[in-house]
Amino acid sequence: MLRPSAHALRDRRRLDGLWRFAVDSDGVGRDQEWWQAPLPGRTEIAVPASYNDLFADGSVRDHVGDVWYQTTVHVPAAWEGQRIVLRFDAATHRAVAWVGGTQVVEHEGGYTPFEADVTDVVTVGADNRITVVVDNRLSWESVPPGYVEQTPAGPRQRYYHDFFNYSGLHRSVWLHTTPPAHISDITVVTGLDGTTGTVDYEIETSGPAEGLTAHVVLRDEDGHEVARGEGASGTLVVDQVHPWRPGEGYLHRFEAELHDSTGSPVDAYSLDVGVRSVEVRGTEFLINGEPFYFTGFGMHEDHSVRGKGHDNASMVHDFALLDWIGANSLRTSHYPYAEEVLDHADRHGIVVIDETAAVGMNLGLAGGIVNAETKPTFSANTIGEVTQHAHLQAIRELVARDKNHPSVVLWSVANEPESDSAGSRAYFEPLFTETRRLDPSRPVGFVNVMFAPADACVVSDLADVVMVNRYYGWYVDPGDLANAERALEDELTAWADRHGKPIIVTEYGADTVAGLHSVVPQPWTEEYQVAFLDVYHRVFDRIPAVVGEQVWNFADFATASGFARVQGNKKGVFTRERHPKAAAFSLRERWRDDV
Ligand code: BDP
């Protein structure tokens, strides 16, 4: 889905700011048609932000169900005759939107964009009221899954993943225009053979497109034309191309125009394109034909006060810390991140493992960590066909959104699902097939959980790479790093021998309270986190099939309440405020050549 753009033929307004807001504690807003009038009360909310931590009110933080957002926007008279689109970059986890009294769109899934053509609904040259209801409930039909438990004090949301269920309008809201006949989608797939780059492109159009032709130009960063083409699809060839590389996000500009029969442009759209190739060969992960070793983190969109609300200042700072520490990659654990993050990764040469929101599909893991009931994972009453349908849709929306980002080198269809049962294989096989059908150009994987080792996992053979999260020395043998080292080496060796694929260790880490110290390595201290990571690194360096290490986590983050969490998960190498723990300095020494 193309993003809003502004130039001579298109315009856009970002609707971020303060909106009216109401928590629908009694669940009456839909029946009472709250979109028909100003919302009850005088509460205001910041968009984008999670609503949970903005008010000093536990009942808002833990609210289960609908909240309402409303704003009024002036639609410029100059937009008359254009196609007008209302777009939400994300609404977590599902939403319905109205313009005035007319419902214009509904969407399921909290981390991908959706839009509505509102041309016939808005009044141009006038103020228009936009109302959105956002429902944060997780169920057996949602991705991620969960269930609402009825308690004497009211409903309580339960889920099987280890991060707080932040909700609301987490990303920007837009009103934008396109010409009636317009470019509705562009797909680029790049290749690199020696010094020759290729860009396969495909342009989709909508509206009265008769007699229109597409023209494309590719420019380098200095604005010089390096290739051009005509027609809705084709291949551009660039000799002596400047490729996109990890650490150097060199981008070309792909400019597409639609011309009418007189040769005048009726629409235009430009994209940044990084010319690079990705390939898995044996136990190697190749970018531009060269073996790539991932260093970095599983991250979270998580900050105090605004929760999962996107903010450019924090993003720039997080990327500065990635650079400072020498990380070359990140995983969008455990959901698609804001598109601004991928743009930034493209420009800065950070390699991305792009993950769906399918997390917590392991109901046997419920135990002490996530504090939910243990149930069979794949069954008619839990994760079943309807969930699978939502999961397929989540994959489609992720690939549609992120397919053109050079930084994205690998799709992750799920984090730590149950993967050692016949039910899991039946559930996952169609998901892998669909991901490959949608994007044959990138490897596909999923992240394996510790309880499904190499000889028990029945899903890993569907994947191009093995991604594993391991916690020897933390959840297993806590405090015993000598045994952790042996167990880790045995297990990774078994993966290498049995599967013969590149292995990326996508999580390893120890909870660490900044400021806790000990002369002998004791769990929860900064010294233990350093020693723990050292053990893992020694093992990785002994196993050639290991092609990546991503520490869990970049920073401390909020979780649901539970006796194993102290104001959240403390496995961050940085605190939630982004202050370094001792491990940050040891990672910096390992990952940077110049330190
Ligand atoms: C893994 C999960 C991750 C958790 C982490 C932990 O993938 O989301 O936060 O463990 O327990 O199981 O810290």
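Under the annotation held in an unreviewed UniProt entry, the protein carries the name Beta-glucuronidase and is attributed to Saccharopolyspora rhizosphaerae. A UniProt comment under Sequence similarities (unreviewed entry) is attached to the protein, and it reads "Belongs to the glycosyl hydrolase 2 family."

A. Summary view of the environment of R276. For R276, the location among the structural elements is in the loop between strand 19 (265–273) and strand 20 (278–281). What makes R276 buried here is its relative accessible area of 6%. Taking the C-alpha atoms as reference, R276 lies 33 Å from G360; in sequence the two are 84 residues apart. If we ignore the near neighbours within four places in the chain, the residues touching R276 are T190, G191, W244, N288, H405, P406, V408, V409 and R442. At 2.9 Å, the side chain of R276 and the backbone oxygen of V408 are in polar contact.

B. Just the UniProt feature "domain: Glycosyl hydrolases family 2 sugar binding" (unreviewed entry) in the protein, in detail. Taking the numbering used here, the UniProt-annotated feature "domain: Glycosyl hydrolases family 2 sugar binding" (unreviewed entry) corresponds to residues 13–179. What you have in residues 13–179 is 2% helix and 44% strand, and the ends, taken at the C-alpha atoms, are 16 Å apart.

C. Main features of helix 2 (residues 312–325). Here helix 2 is 14 residues long and its end C-alpha atoms lie 20 Å apart, about the 20 Å a rise of 1.5 Å per residue gives. S314, M315, D318, F319, L321, L322 and I325 are the residues of helix 2 that are buried. Considered in projection along helix 2, the buried side chains sweep an arc of 155° and stay on one side of the axis. In helix 2, those exposed residues whose orientation departs by more than 90 degrees from the buried face are A313 and D323. Where helix 2 starts, the residue carrying a side-chain oxygen 3.3 Å from the main-chain nitrogen of A313 turns out to be D311. Downstream of helix 2 by a residue or two, G326 has a phi angle that is positive, lying close to 90°.

D. Just the sheet that holds strand 2 (residues 17–23), in detail. Reading across the sheet, the 6 strands line up as 3-2-4-9-6-7 and stay open at both edges, with antiparallel pairing between neighbours. Here the strands that pair on one side only, and so sit at the sheet edges, are strand 3 (44–47) and strand 7 (102–108). Recorded for the sheet is a direction-independent mean angle of 30° between the axes of neighbouring strands.

E. Examining the pairing of strand 9 (residues 126–135) more closely. The element strand 9 is largely enclosed, with a buried count of 7 among its 10 residues. Sheet topology note: the strand 4 (residues 66–75)/strand 9 ladder contains 10 bridges and is antiparallel. Across the sheet, V73 pairs through a bridge with N128, a residue of strand 9. Relative to strand 9, strand 6 (residues 94–99) runs antiparallel, the two being bridged by 6 bridges. Bridging from a neighbouring strand, R94 pairs with D135 of strand 9.

F. Layout of the packing of helix 5 (residues 385–402) against helix 6 (residues 422–438). Contact pair helix 5 / helix 6: the axes reach a minimum separation of 10 Å and the direction vectors enclose 20°. With respect to helix 6, the axis of helix 5 lies roughly parallel. The way helix 5 lies across helix 6 gives a crossing that is right-handed. Of helix 6, the residues touching helix 5 (which contributes T387, Q388, H391, L392, I395, R396 and V399) are A426, Y427, F428, P430, L431, E434, T435 and L438. Broken down by class, the residue content of the contact of helix 5 with helix 6 amounts to 9 nonpolar, 4 polar and 2 charged.

G. The packing of aromatic side chains, seen in detail. Under the defined criterion, the tally for this structure stands at 38 aromatic pairs. Relative to F294, the ring of F285 has its centre 5.1 Å away and its plane inclined at 70°; by these criteria the two rings are edge-to-face. Both residues of the pair, F285 and F294, belong to the buried class. On the basis of an interplanar angle of 20° and a centroid distance of 4.6 Å, the ring pair of F532 and Y536 is categorised as stacked. Remark: Y536 and F532 occur in helix 8 (residues 526–542); sequence separation between them is 4 residues, near one turn of the helix. Relative accessible area serves as the criterion here: at 0%, F532 is assigned to the buried category. Following the ring pairs from residue to residue traces out a cluster consisting of W474, Y508, W524, Y528, F532, Y536 and F540. Above the ring of F164, the side-chain terminus of R61 is found at 4.0 Å from the ring centroid.

H. Broad picture of the domain arrangement of the protein. As assigned here, the protein comprises domain 1 (12–178), domain 2 (182–276) and domain 3 (290–591). Taken over C-alpha atoms, the centre of domain 2 sits 34 Å from the centre of domain 3. Facing 16 residues of domain 2, the contacting portion of domain 3 comprises 17 residues. Three residues stand out in domain 2 for area buried against domain 3, namely W244, P246 and R276, and they jointly supply 41% of the buried area on that side. Our count for the domain 2 to domain 3 interface comes out at 1 salt bridge. Notably, a salt bridge pairs K403 with D185, separated by 2.7 Å at the nearest N-O pair.

I. Region of interest: the site of the ligand. Every one of the 13 residues lining the ligand counts as a neighbour, but D162, H334, E416, Y475 and K571 are closest to it. With respect to the ligand, the side chain of H334 contributes an N or O atom lying 2.6 Å from an oxygen atom. At 2.8 Å, a side-chain N or O of E507 approaches an oxygen atom of the ligand. Grouping the constituent residues of the shell around the ligand by class yields 4 nonpolar, 4 polar and 5 charged.

So, how was this worked out
Counting of residues starts from 1 at the beginning of each chain's written sequence and follows it residue by residue. Local features in a predicted model are, by the rule used here, given only for residues with pLDDT of at least 70; side-chain atom pairs are given and counted only at 80 or more, and totals for whole chains, interfaces and linings are based on all residues. Just so you know, side-chain values use all the structure's heavy atoms and leave hydrogens and water out. UniProt positions are given in the numbering used here, feature names are shortened, and annotations may be inferred rather than shown by experiment. Labels follow the DSSP assignment, with helices taken as runs of H or I lasting at least four residues and strands as runs of E lasting at least two, numbered in each case from the N terminus. For the exposure calls, accessible area comes from a 1.4 Å probe over protein chains only, and a residue counts as buried if that area is under 20% of its type's maximum, exposed if over 50%, partly exposed in between. Contacts are assigned to residue pairs with any non-hydrogen atoms lying within 4.5 Å of each other. Here a polar contact is taken to be a pair of N or O atoms separated by no more than 3.5 Å, where protein atoms must pair a possible hydrogen donor with a possible acceptor and residues adjacent in sequence count only if both atoms sit in side chains. Here a helix's expected span is defined as the number of its residues, less one, multiplied by 1.5 Å. The directions considered for the arc run from the helix axis to the C-beta atoms. By definition, two strands form a pair when at least two bridges between them are found by DSSP. Fitted lines through C-alpha atoms give the axes, limited to the stretch in contact for helices. The angle between two N-to-C directions lies from 0 to 180 degrees. The labels follow the angle: roughly parallel below 35 degrees, roughly antiparallel above 145, roughly perpendicular from 65 to 115, and oblique for the rest. Handedness of each helix crossing follows the sense of rotation of the near helix against the far helix: counterclockwise by less than a right angle gives left-handed, clockwise gives right-handed. When residues are grouped by polarity, Ala, Val, Leu, Ile, Met, Phe, Trp, Tyr, Cys and Pro land in nonpolar, Asp, Glu, Lys and Arg in charged, and all others, Gly among them, in polar. Geometry of aromatic contacts follows a simple scheme: Phe, Tyr and Trp rings, the Trp one being its six-membered ring, pair when their centres are within 6.5 Å, and the pair is stacked under 30 degrees between planes, edge-to-face over 60, tilted otherwise. Comment: the charge-over-ring label is applied if NZ (Lys) or CZ (Arg) is within 6 Å of the ring centre and within 35 degrees of the ring normal. Domain limits in this description derive from either an automatic procedure or a database domain assignment. A simple way to read buried area is as the amount of 1.4 Å-probe accessible surface that goes missing from two parts once joined, with both sides added. Just to be clear on terms, a salt bridge is a Lys or Arg side-chain nitrogen sitting within 4 Å of an Asp or Glu carboxyl oxygen. In these notes, residues near a molecule or strand are those with any non-hydrogen atom within 4 Å of it.

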